[in-house]
Amino acid sequence: MVGIDTILNVFRGQRRSDKAKAVVTGAGSGIGRSFALELARRGGDVICADISMERANETVALIDQLPTGKGHAVQCDVSDRTAIELLAKQSQEIFGGAPTLVINNAGVGIGGKPVGDIGFEDWDWALGINLWGVVYGCEVFTPLLREAGKGGIINVASAAGFAAAPSMAAYNVSKAGVMSLSETLAAELDGTDVAVTVLCPTFVKTNVFTDGRITPGSMSLSQQLARWTGLSADNVAARTLDAHDGGRLYVVPQLDATVIWHLKRHFPALYVRGAGLLGRVLPKD
């Protein structure tokens, strides 16, 4: 069942992402910056939140060059619950009410070590940003959207959330958690005018490899694969917003991710054996 606003928007030709009052975390670079710019192109008022105020300001400067849209730079460490609560308060002050779209995008890359060698510091770091950052974003902003009676949440996960590749446990677990949270939230908000979408890409051409904690061998391979098969962040952001407008829960934008999805669902034992073999032959250090 869909709400009356959704039905009316179809007839009016309006999209959920048009003229959105949006909060985007990790908006200082990569997919987050692309989300912010695309929303501005669609006439949106966008809070560009990032742990780096310099990068957030750079994104706002790019928005200022566009003929439509407006940007606001806000510093926010998504692994800090208090910072997310402050971000929600700031968004209400800037927008004069609740946001209409929240994109929990901020994330970091980590990989190259097997379980037992990762270390708890890296586990805490990865889960604190990739998983808890999204948990905080959903827990804090969902009541605002629910009370407003409309809006949307886009959570950025990864194909790693279902691919479970070796030597990427911390990253895999964080993204699998984001997927599960998104599915649960979508079920809880079913029948309302608050939509949920989870993005699950494979390789996207961003700085996640150089900014993360990835061993040299794994980083080199990831960078090569991103160059050969990766989509641009702009492409991924636009396709995800279009899918969100259409009410889709899952966005799996690349063919390789779709193939992995079906292989694991239909041939789980064979998939695990294949992933194990791949993990033994690929470079790590």
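The structure under discussion appears in the preceding block.
Since the structure is predicted, the reported quantities are computational estimates derived from the model, not experimental observations.

*Asks:* Would you mind showing me how to read the environment of alanine 186 here?
*Replies:* Structurally, alanine 186 can be placed in helix α7 (residues 169-188). With 10 residues separating them along the chain, alanine 186 and valine 196 place their C-alpha atoms 5.3 Å apart. Setting aside its immediate chain neighbours within four residues, alanine 186 contacts Val196 and Leu249.

*Asks:* Where do I start with empty space enclosed by the protein in this structure?
*Replies:* Where empty space is left becomes clear once a probe the size of a water molecule has been rolled over the atoms. One pass over the full model with this rule turns up 1 cavity of 30 Å³ or more. In this structure, the largest cavity encloses a volume near 40 Å³. Considering the residues around the largest cavity, the lining is formed by Thr25, Val78, Ile84, Asn104, Asn105, Ala106, Ile129, Gly133 and Val134. With 3 residues, the top contributor of residues to the lining of the largest cavity is helix α5 (residues 120-148). Looking at the lining of the largest cavity residue by residue, the class counts come to 5 nonpolar, 4 polar and no charged.

*Asks:* Would you mind showing me how to read the pattern of salt bridges here?
*Replies:* Side-chain pairing between opposite charges can occur once the charged atoms of the two side chains come close. Using the criterion set out here, one finds 8 salt bridges in the structure. A salt bridge links aspartate 242 to arginine 15, with the nearest nitrogen and oxygen atoms 3.7 Å apart. With a gap of 227 residues between them, aspartate 242 in helix α10 (residues 233-245) and arginine 15 in the loop between α1 (4-12) and β1 (21-25) connect regions that are remote in the sequence. Using a relative accessible area of 39% as the deciding quantity, one classes aspartate 242 as partly exposed. Across the pair aspartate 242 and arginine 42 runs a salt bridge whose closest N-O atoms are separated by 2.9 Å. With aspartate 242 in helix α10 and arginine 42 in the loop between α2 (30-41) and β2 (45-50), this residue pair connects regions lying 200 residues apart in the sequence.

*Asks:* Would you explain the sheet that holds strand β6 (residues 151-156) in this entry?
*Replies:* Strand pairing in a sheet takes place through backbone hydrogen bonds and is either antiparallel or parallel in direction. Strand order in the open sheet made by the 7 strands is β3-β2-β1-β4-β6-β7-β11, with parallel pairing throughout. At either margin of the open sheet sits one strand with a lone partner, and together these are β3 (70-75) and β11 (250-251). Pairing analysis gives 2 bridges linking strand β7 (residues 194-199) to β11, with the strands arranged parallel. When the bridges of β11 are listed, leucine 199 appears paired with valine 251.

*Asks:* I'm lost on the packing of aromatic side chains in this one. Help?
*Replies:* For any pair of aromatic rings, the description rests on two quantities: the centre-to-centre distance and the angle between the ring planes. Under the definition given, this model contains 3 aromatic pairs. With centroids separated by 5.4 Å and ring planes inclined at 35°, the aromatic side chains of tryptophan 132 and tyrosine 136 adopt a geometry described as tilted. Of this pair, tryptophan 132 and tyrosine 136 are both found in helix α5, 4 residues apart, which corresponds to roughly one turn of the helix. Residue classification places tryptophan 132 among the partly exposed positions, given a relative accessible area of 43%. The exposure class assigned to tyrosine 136 is buried, which follows from its relative accessible area of 17%. Their ring planes at 80° and their centres at 4.9 Å tell us that phenylalanine 162 and tryptophan 261 sit as a pair that is edge-to-face. With phenylalanine 162 in helix α6 (residues 160-163) and tryptophan 261 in helix α11 (residues 255-266), this residue pair connects regions lying 99 residues apart in the sequence. Accessibility assignment for this pair places phenylalanine 162 and tryptophan 261 in one class, buried. Members of the aromatic cluster, each reached through a chain of ring pairs, are Phe162, Tyr250 and Trp261.

Rules and cut-offs
Residue positions are given per chain, counted from 1 along the sequence in the order it is written. Selection of residues for local features in this predicted model requires a pLDDT of at least 70, selection of side-chain atom pairs for listing and counting requires 80 or more, and totals for whole chains, interfaces and linings are taken over all residues. As a rule here, side-chain values come from all non-hydrogen atoms in the structure, and water together with hydrogens is ignored. Starting at the N terminus, helices and strands are each numbered in turn, a helix being any DSSP run of H or I of at least four residues and a strand any DSSP run of E of at least two. Here, residues are in contact when the closest pair of their heavy atoms is within 4.5 Å. Put plainly, a pocket is an open set of points on a 1 Å grid over the protein atoms alone with protein on both sides within 12 Å along at least five of seven lines, a cavity is a set where a 1.4 Å probe fits but cannot get out, and a lining residue has an atom within 4 Å of a point. Grid points are joined across faces, edges and corners, and a volume is the space filled by probe spheres set on the points. Under the scheme applied here, ten amino acids are nonpolar (Ala, Val, Leu, Ile, Met, Phe, Trp, Tyr, Cys and Pro), four are charged (Asp, Glu, Lys and Arg), and all others, including Gly, are polar. Within this document, salt bridges are pairs made up of a side-chain nitrogen of Lys or Arg and a carboxyl oxygen of Asp or Glu, the two lying within 4 Å of each other. Only protein chains enter the accessibility calculation, which uses a 1.4 Å probe; a residue whose area is less than 20% of its type maximum is buried, one above 50% is exposed, and one in between is partly exposed. A pair of strands counts as paired when DSSP detects no fewer than two bridges linking them. Two rings from Phe, Tyr or Trp (for Trp, the six-membered ring) form a pair when their centres sit within 6.5 Å of each other. Planes less than 30 degrees apart are called stacked, planes more than 60 degrees apart edge-to-face, and all others tilted.

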